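Each chain, letter by letter, is given below.
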Amino acid sequence: MAKAKTWIEPHPHGIYVKPADVWIDPSRPVERAAVTHGHADHARSGHGSVFATPETLAIMALRYGVDAEASHNAAFPYGEGFERGGVRFSFHPAGHVLGSAQILMEYAGERIVVTGDYKRRADPTCARFEVVPCDIFVTEATFGLPVFRHPPTGDEIAKLIGAVRAEPDRSVLVGAYALGKAQRVIAELRDAGWDAPIYIHGALEKMCHLYAVHGIDLGELRLVSETEKPEMAGQIVLAPPSALNDRWSRRLPDPVTAMASGWMRVRQRARQRMVELPLVISDHADWDELTATIAEVNPKETWITHGSEDGLLRWCELHQRKARALHLVGRDLEEEA
Ligand SMILES: [Zn+2]
Ligand SMILES: [Zn+2]
């Protein structure tokens, strides 16, 4: 496997694919970037050319003003890709957020997959993770410790609906990241039969609209800013986590504070944010999903990035799997888990 190290180079600010002169998820501006998904710690502005799925490109256009139509950028649906410098790149579903992709690279008879962020369980807002056989599997490790086991999503959604019904004079305010988590919580609520309007903070409006344009039905959404306070009693309100303990929340009727994140597994984190109703809903693989995925992909070598690299590294060693930790910088784990 030493050969791979001659054509793919992990750097602190991204993974460099040498023969193609392409970076994957670089944290600083480069000439050519292949981007796994739209979260800020993977997608940055200022690159010469961006290669991504159509959805990720649309998200980057919305967030950073990337010109999705410009000829120097290119969009590839799942299963498709491009060739450069003898390296074949293709994009495959990662199940993380709308448009999220694993990037497969094939060169000189070797196959390397970079997952970006991923999860294995079903998510009504994005295509499900696909197992892509490869020689080297570059996996994230956000929740790479055995303590992180996410409960069934349906249980957490039932808890949320139960909390709203229990106190019809109050609203339940759910903190959820603007890209991915907010839309997923809304879509999961719809699947669970919650068909009342859902009230949103203005900061979520554009991304929810982008999801709707891409065929993800979120039902009726209303802006909190355009709603009278009493109307939101007994209703669900979504806002970015930063708004939870903000003056903004005073416009809601006596809100119960909730937050949807994999980190809500850790009581201390819920307390820090003064969250009364922690909802363990994550867009990242938990410990069991990470280890099961490595076993299923069964690569010759596993490279581990951002998160608890050491926990997953130890698991690989214990299971006689060749592995190494990559230390990438600029991955903000708080942002989107
Ligand atoms: Zn992400
Ligand atoms: Zn990430």
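Below is a short write-up of the structure. (Residues numbered from 1 in each chain as written. Chains lettered and ligands numbered in written order. Predicted model: local features only at pLDDT ≥ 70, side-chain atom pairs only at ≥ 80, totals over all residues. Heavy atoms only, no water.)

### Side note on the overall build of the protein
Consideration 1: When you go through the protein residue by residue, the secondary structure sums to seven helices and 19 strands.
Consideration 2: A globule of 337 residues ought to have a C-alpha radius of gyration of about 20 Å, and the protein, at 20 Å, matches this closely.
Consideration 3: With 337 residues in all, the protein has 59% of them scored as buried.
Consideration 4: Of the accessible surface of the protein, which amounts to about 13500 Å², a share of 49% is contributed by carbon and sulfur atoms. (Helix = DSSP H or I, 4+ residues; strand = E, 2+ residues; numbered from the N terminus. Rg over C-alpha atoms; globule rule 2.2 N^0.38 Å. Buried < 20%, exposed > 50% of the residue type's maximum accessible area, 1.4 Å probe, protein only. Areas by Shrake-Rupley, 256 points an atom, 1.4 Å probe, with all protein chains shown as cover.)

### Description of the sheet that holds strand β18 (residues 301–307)
Consideration 1: Ordered by their spatial adjacency, seven strands build an open sheet running β7-β8-β9-β10-β11-β18-β19, and the pairing between neighbours is mixed. Of all strands in the sheet, those with a lone pairing partner are β7 (81–84) and β19 (322–325), marking the two edges. Sheet twist, expressed as the average angle between the axes of neighbouring strands with direction ignored, equals 20°.
Consideration 2: Pairing analysis gives five bridges linking strand β9 (residues 101–107) to strand β10 (residues 110–114), with the strands arranged antiparallel. Counted as the bridge partner of Leu104 is Val113 from β10. (Pairing = 2+ DSSP bridges. Axes fitted to C-alpha atoms, helices over the stretch in contact; angles between N-to-C directions.)

### A few points about the environment of Ser71
Consideration 1: Structurally, Ser71 can be placed in the loop between α1 (54–64) and β6 (74–75).
Consideration 2: In this structure Ser71 comes out as exposed when scored by relative accessible area, which is 77%.
Consideration 3: In the structure, Ser71 is positioned 16 residues away from Val87 in sequence and 21 Å away in space, judged by C-alpha atoms.

### Observations concerning α1
Consideration 1: Inspection of α1 places Glu55, Thr56, Leu57, Ile59 and Met60 among the buried residues, and these make up the whole buried set.
Consideration 2: Among the structural elements, β5 (49–52), β6 and α4 (205–213) are those in contact with the buried residues of α1.
Consideration 3: Where α1 terminates, the next one or two residues include Gly65, which has phi positive at roughly 70°. (Contact = heavy atoms within 4.5 Å.)

### Remarks on the nonpolar core
Consideration 1: Formed by 38 residues in total, the largest nonpolar core has its most connected members in Leu160, Val172, Val174, Leu189, Tyr211 and Leu238.
Consideration 2: Elements with a contribution of two residues or more to this core: α2 (153–166), β12 (172–175), α3 (181–191), β13 (198–200), α4, β15 (236–239), β16 (256–260) and β17 (277–279).
Consideration 3: Not counting residues within four places of it along the chain, the set of residues in contact with Leu160 comprises Val172, Val174, Val185, Leu189, Ile236, Leu277 and Leu279.
Consideration 4: Ranked by size, the runner-up nonpolar core spans 23 residues in total, among them Ile8, Val17, Phe89 and Met105. (Core = buried A, V, L, I, M, F, W, Y, C linked by side-chain atoms within 4.5 Å.)

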